[in-house]
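Coordinates in review
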2 protein chains.
Amino acid sequence: MNKKQLFEQIQSKKSFLCVGLDPVLENIPKHLLKEEDPIFEFNRQIIDATKDLCVAYKPNTAFYESRGLKGWETLIKTWAYMPEDIFTIADAKRGDIGNTSAMYADAFFNLEQSGMSFDSITVAPYMGKDSVSPFLTHKDKWVILLAATSNEGHHDFQLLETPEGKLYEQVIKVSSEWADSERLMYVVGATRGSEFANIRRLAPDSFLLVPGVGAQGGSLAEVCEFGLNDHCGLLVNSARGIIYAGKGEDFAEKAREEALKLQQEMQGILEKAGLI
Amino acid sequence: MNKKQLFEQIQSKKSFLCVGLDPVLENIPKHLLKEEDPIFEFNRQIIDATKDLCVAYKPNTAFYESRGLKGWETLIKTWAYMPEDIFTIADAKRGDIGNTSAMYADAFFNLEQSGMSFDSITVAPYMGKDSVSPFLTHKDKWVILLAATSNEGHHDFQLLETPEGKLYEQVIKVSSEWADSERLMYVVGATRGSEFANIRRLAPDSFLLVPGVGAQGGSLAEVCEFGLNDHCGLLVNSARGIIYAGKGEDFAEKAREEALKLQQEMQGILEKAGLI
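Residues numbered from 1 in each chain as written. Chains lettered and ligands numbered in written order. Predicted model: local features only at pLDDT ≥ 70, side-chain atom pairs only at ≥ 80, totals over all residues.

Attention now moves to the sheet that holds strand S5 (residues 142-148) of chain B. Residue and element names in this part refer to chain B. In spatial order, the strands read S1-S2-S3-S4-S5-S8-S9-S10; together these eight strands close into a barrel with parallel pairing. Across the sheet, the axes of successive neighbouring strands diverge by a mean angle of 30°, strand direction being ignored. Alignment of strand S4 (residues 120-123) against S5, held across four bridges, turns out to be parallel. In the strand pairing of S5, Val123 is matched with Leu145. Together, S5 and strand S8 (184-188) form the strand contacts of helix H9 (residues 167-175), whose direction differs from that of S5 by roughly 155°. (Pairing = 2+ DSSP bridges. Helix = DSSP H or I, 4+ residues; strand = E, 2+ residues; numbered from the N terminus. Axes fitted to C-alpha atoms, helices over the stretch in contact; angles between N-to-C directions. Contact = placed C-beta atoms within 7 Å.)

This is how it looks when you write it as structure tokens:
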């Protein structure tokens, strides 16, 4: 999916919501445990209940890998179940030397080899250009590079001052020479509210993937105040707030209610900004 | 395996060699392709041929993930086949917010959940303390943190000057407050030769995992000149130079010959340093 198509989806659905598909067995409704693959069944129902309200799904690969082979199988089935017109994000935070990053690209982009072909993957920047470039050689696939993350530990290195600004600013500046905003997005935590204006200045045309709204305490209004651009430019992720909205047999209905609340808030924001 | 036991293995085998188990289907001997799981069969024979010459095995997870479900299965089988007295490294370069890193720790440390229990995992530092800490809560398990990597892209961010030194120096300094040298190692590329003295000063007691000897051009002698400490403190990795030493039916024998050359060079170095 290219940038134009993504914006069209946002306009058509009046939403820039990304649903994080990060379930753990301990937290899903008990009645699903009798299913052959409870996590997949959970994801399937969440997708059915939210697919008209969101433009992206983002499974975090850790939640699947932690369950070994059967978890990896659930990830593949979940990917296959996602509607074709929804932007898919493998939240994998990979990155290695060139020939190895090429393997990770195969793992998440090469359907024939791995059984999955996500639209995008999150990548860690520490190893530099040749660790990111192999992901950019796949047609119509995106890299979503970690810039300013939502967790407490972002203080440790991302905010370090370098001769040309903070480290996360350098990550954005340097990486913008590797690919343009048609191929490269950035992860910017919603909890970085006050830094959004700065980030938008550094990457005016880029989409930003924004985790941290909801459970982690970030504010949608603040994110949008500084983060919106003329093609929206935001994918705002919510995971726990949506997928665990209900704990009973009506969990999918409850998830839909939460997704709907966010979609409606987003619709108001898009209308106010003249984007729909 | 704890630090003392690792040094005992090094003394007993007169080697600090780590063999990188990073095979791709295109490069393994053709006669193996008739096997049900050619990559596992390749790894099995490499392990049988080298296990008395090395102290560690390091499969890079990308090489397995790239093949989807069957690749993940091969990784689990390969882990299970590694001798118990050999230090095992999941070269996964993971790292995410706290609750998610805990899942990655389960993926590689929690046998019951994932089917694997490596001794250690490589972790990317960009997201800071809470992305690393969850890996440190598993008894007798190690984090091997990326510090100065062997690839060209290490220039992009790792060498950036911060108020207290280069970024990779800050990574070592700051992370040394999270765990001591009994739980934390660092990845330092062999191609960083001249920086080794500096790194050893910052982390005098830590083991360093050193890729980049051989195919990537690093020199073992140079690494040891600056990197050895009083308990060796080095795990030097070779992958392609060993596993692809032969292309025919005698590939395992050829791999052994290459591993033996390195082991003998290492024995000389350990003897000269009075460590055996």
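The next point concerns the interface of chain A and chain B. Each partner contributes residues to the interface: chain A has 52 residues there, and chain B has 52 residues. Of the residues forming the side of chain A that touches chain B, the biggest block, six residues, is contributed by helix H5 (residues 98-109) of chain A. Of the residues assigned to the side of chain A that touches chain B, the class counts are 20 nonpolar, 20 polar and 12 charged. (Nonpolar A, V, L, I, M, F, W, Y, C, P; charged D, E, K, R; others polar.)

Residue and element names in this part refer to chain B. Counting through the fold element by element, Leu159 comes out in the loop between helix H8 (154-157) and strand S6 (161-162). Of the residues examined, Leu159 has 15 C-beta atoms within 10 Å and is grouped as partly exposed. Taking the C-alpha atoms as reference points, Leu159 and Ala148, 11 residues apart in sequence, are found 8.4 Å from one another. Those residues in contact with Leu159 that sit more than four places away from it in its chain are His154, Lys166 and Leu167. (Buried ≥ 20, exposed ≤ 12 C-beta atoms within 10 Å, placed from the backbone.)

All names here are of chain A. The strand order S1-S2-S3-S4-S5-S8-S9-S10 describes a closed barrel built from eight strands, whose pairing is parallel. Averaged over all pairs of adjacent strands, the angle between their axes in this sheet comes to 30°, without regard to strand direction. Sheet analysis places strand S1 (residues 17-20) next to strand S2 (residues 56-58), joined by three bridges and oriented parallel. Along S2, the bridge assignment pairs Gly20 with Lys58. Against the sheet, helix H11 (residues 220-227) engages strand S9 (208-210) and strand S10 (234-238), with an angle of about 165° to S10.

So, about the relation of the copies chain A and chain B. Placing chain A over chain B gives an RMSD of 0.0 Å and needs a rotation angle of 180°, together with 0.0 Å of translation along the axis. The superposition operator between the copies reduces to a two-fold rotation axis. If distances are taken from each C-alpha of chain A to the rotation axis, the shortest is found for Thr162(A), at 2.4 Å. Counting the interface residues of chain A, we find that 100% of their copies in chain B are interface residues as well, pointing to one common contact surface. (Least-squares fit on C-alpha atoms with pLDDT ≥ 70 in both.)

We now examine unusual backbone geometry. All names here are of chain A. A positive phi is found at Lys14, a non-glycine position, where the angle reads about 55°. Along the chain, the position of Lys14 falls in the loop between helix H1 (3-13) and S1. Here Lys14 falls in the partly exposed class, since 19 other C-beta atoms lie within 10 Å of it.

All names here are of chain B. Residue placement: Leu21 occurs in the loop between strand S1 (17-20) and helix H2 (38-50). The class for Leu21 is buried, based on 27 C-beta atoms found within 10 Å. With 54 residues separating them in the primary sequence, Leu21 and Leu75 have C-alpha atoms 9.8 Å apart.

Below, the discussion takes up the packing of helix H4 (residues 68-81) of chain A against helix H4 (residues 68-81) of chain B. Where H4(A) meets H4(B), the closest approach of the two axes is 10 Å, and the angle between their N-to-C directions is 165°. As the angle between them shows, H4(A) and H4(B) are arranged roughly antiparallel. Between H4(A) and H4(B) lies a crossing whose hand is right-handed. In this structure, H4(A) uses Gly68(A), Leu69(A), Trp72(A), Glu73(A) and Ile76(A) to contact H4(B), whose residues at the interface are Gly68(B), Leu69(B), Trp72(B), Glu73(B) and Ile76(B). Here the contact of H4(A) with H4(B) is composed, by residue class, of six nonpolar, two polar and two charged. (Parallel < 35°, antiparallel > 145°, perpendicular 65-115°, else oblique. Left-handed = near helix turned anticlockwise from the far one by under 90°.)

Turning to the pairing of strand S10 (residues 234-238) of chain B, a few remarks are in order. All names here are of chain B. Among the five residues that make up S10, five are buried, leaving the element largely enclosed by the rest of the structure. Where burial is concerned, the two faces of S10 agree: the one with Leu234, Val236 and Ser238 and the one with Leu235 and Asn237 are both buried. Where S1 lies against S10, three bridges are found, and the strand directions are parallel. In the strand pairing of S10, Leu17 is matched with Val236. Here three bridges tie strand S9 (residues 208-210) to S10, and the two strands are oriented parallel to one another. Directly across from Val210, in S10, lies its bridge partner Val236.

Per-residue confidence for chain A gives a mean pLDDT of 95, with 98% of residues at or over 70. Reported for the predicted complex are a pTM of 0.97 and an ipTM of 0.96. (pLDDT = per-residue confidence, 0-100.)

All names here are of chain B. With 22 residues, helix H13 (residues 251-272) ought to run about 32 Å at 1.5 Å a step, and its terminal C-alpha atoms sit 32 Å apart, in line with that. For H13, the full list of buried residues reads Phe251, Ala252, Ala255, Arg256, Glu258, Ala259, Leu262, Gln263, Met266, Ile269 and Leu270. For H13, the angular spread of the buried residues around the axis is 165°, confining them to a single face. Away from its buried face by more than 90 degrees, H13 exposes Glu271 and Lys272. Of the surrounding secondary structure, the elements contacted by the buried residues of H13 are S1, H2, helix H11 (220-227), S10 and helix H12 (240-243). In the stretch just after H13, Gly274 is the one whose phi turns positive, near 70°. (Expected span 1.5 Å × (residues − 1). Arc of directions from axis to C-beta.)

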